[in-house]
Amino acid sequence: KAGVTQTPRYLIKTRGQQVTLSCSPISGHRSVSWYQQTPGQGLQFLFEYFSETQRNKGNFPGRFSGRQFSNSRSEMNVSTLELGDSALYLCASRDGTTNEKLFFGSGTQLSVL
Amino acid sequence: QQQVKQSPQSLIVQKGGISIINCAYENTAFDYFPWYQQFPGKGPALLIAIRPDVSEKKEGRFTISFNKSAKQFSLHIMDSQPGDSATYFCAASKGTSYDKVIFGPGTSLSVIP
């Protein structure tokens, strides 16, 4: 089975722009979670989608949003980018019903200038 | 109450030594405690996990010790090897595949020859 795929791998944006990140989960997994990773802060939970519905949400501002499609692929959008949004954004999938184990992609490194 | 604390932030261990990373939590509803290992340029991967019905779980050189009354758990890496050099994250969730997984801030482990 192919692993979790995240695109693009690197992204450079300027303040005020918006960005969309993509995640393709492992085949058969219906849950996709997004995390923000920064040095010292670890992995901060953004949100989780299951069968196209947001199931869990972290404490991030409304500028961070996501969605999931019928094929379980997910996108994350950040609007009005700020310098502090520079981070590694990780996507993780799991089957969503029987197993808590998360399978992570390699992430998208976002730099906001 | 959703926070998971982790220490130390970084750790340097001699090859063959024991690496110990400690975590603490507040939410008594947490029922599943995994450890993830992350190498540079990669996403985290599940290493080992424990539930509160046991006080210890061992898989090869990796052992989780769990103290339910103190709300603490720790990872022990016996006979540490340079290949164990990575960032380690403890995490917690309510033990169902429906709950978000909360991560600690991470520990950067360097095993020197």
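Structural data are supplied above this passage.
S.K.: Please set out the overall build of chain A residue by residue, giving values where relevant.
M.R.: Per the secondary structure count, chain A includes 0 helices and 11 strands. Walking chain A from its N terminus toward its C terminus, one meets helices and strands in the order β-β-β-β-β-β-β-β-β-β-β. For chain A, the C-alpha radius of gyration of 13 Å lies close to 13 Å, the compact-globule estimate for 113 residues. Along the longest, intermediate and shortest principal axes, the C-alpha atoms of chain A span 40 × 25 × 25 Å. For chain A, the proportion of contacts with a sequence separation of at least 24, taken over those separated by at least 6, is 55%. Surface accessibility of chain A: about 5,200 Å² in total, with carbon and sulfur atoms responsible for 47%. The distance from the centre of the 12 positive side-chain charges to the centre of the 7 negative ones in chain A is 4 Å.

S.K.: Tell me about the pattern of salt bridges, and name the residues and values.
M.R.: Charged atoms that come close allow side chains of opposite charge to pair. Residues and elements named next belong to chain A. All told, the structure shown has 10 salt bridges over all chains when counted by the stated rule. The closest approach of N and O atoms between Glu48 and Arg94, which form a salt bridge, is 3.1 Å. Residue Glu48 is located in strand E5 (residues 42-50), and its partner Arg94 is located in strand E9 (residues 87-94); the two are separated by 46 residues in the primary sequence. Taking relative accessible area as the criterion, Glu48 reaches 0% and is therefore assigned buried. Of the residues examined, Arg94 reaches a relative accessible area of 0% and is grouped as buried. Two residues, Arg73 and Glu75, come together in a salt bridge whose shortest N-O distance is 3.4 Å. By relative accessible area, Glu75 is classed as buried at 16%. Within this structure, Glu48, Arg55 and Arg94 form a network of salt bridges that share partners.

S.K.: Please give an account of the side chain of Ser33 of chain A that cites residues and values.
M.R.: Residues and elements named next belong to chain A. Mapped onto the elements of the fold, Ser33 is located in strand E4 (residues 31-38). On the basis of relative accessible area, Ser33 is assigned to the buried category, the value being 2%. Once you skip the residues sitting within four places of it in the chain, Ser33 turns out to touch Phe45, Phe47, Glu48, Leu90, Cys91, Ala92 and Leu102.

S.K.: Describe the state of the cysteines, listing the residues and the values that go with them.
M.R.: Residue and element names in this part refer to chain A. Scanning the model with the defined rule gives 2 disulfides over all chains in all. Linked covalently through their sulfurs, Cys23 and Cys91 form a disulfide whose S-S length is 1.7 Å. Its S-S torsion of about -50 degrees marks the bond between Cys23 and Cys91 as left-handed, since a negative value means left-handed. Taken together, the residues span a long stretch of sequence, with Cys23 in strand E3 (residues 19-24) and Cys91 in strand E9 at a distance of 68 residues. There is no split in this pair, since Cys23 and Cys91 are both buried.

S.K.: Quick rundown of the sheet that holds strand E3 (residues 19-25) of chain B? Include the residues and the values.
M.R.: Residues and elements named next belong to chain B. Across the sheet, which stays open at both edges, the 5 strands sit in the order E1-E3-E8-E7-E6 with antiparallel pairing between neighbours. Of all the strands in the sheet, just strand E1 (4-7) and strand E6 (56-59) have a single pairing partner and so form its edges. Between one strand axis and the next, the sheet turns by 15 degrees as a mean value, whatever way the strands run. Bridge analysis of strand E7 (residues 62-67) against strand E8 (residues 72-77) gives 6 bridges, and the strand direction is antiparallel. Across the sheet, residue Ser65 finds its bridge partner in E8, namely Ser74.

Reading the values: the criteria
Residues numbered from 1 in each chain as written. Chains lettered and ligands numbered in written order. Predicted model: local features only at pLDDT ≥ 70, side-chain atom pairs only at ≥ 80, totals over all residues. Heavy atoms only, no water. Helix = DSSP H or I, 4+ residues; strand = E, 2+ residues; numbered from the N terminus. Rg over C-alpha atoms; globule rule 2.2 N^0.38 Å. Contact = heavy atoms within 4.5 Å. Areas by Shrake-Rupley, 256 points an atom, 1.4 Å probe, with all protein chains shown as cover. Lys, Arg positive; Asp, Glu negative; His and termini not counted. Charge placed at Lys NZ, Arg CZ, Asp CG, Glu CD. Salt bridge = Lys/Arg side-chain N within 4 Å of Asp/Glu carboxyl O. Buried < 20%, exposed > 50% of the residue type's maximum accessible area, 1.4 Å probe, protein only. Disulfide = S-S within 2.5 Å. Pairing = 2+ DSSP bridges. Axes fitted to C-alpha atoms, helices over the stretch in contact; angles between N-to-C directions.

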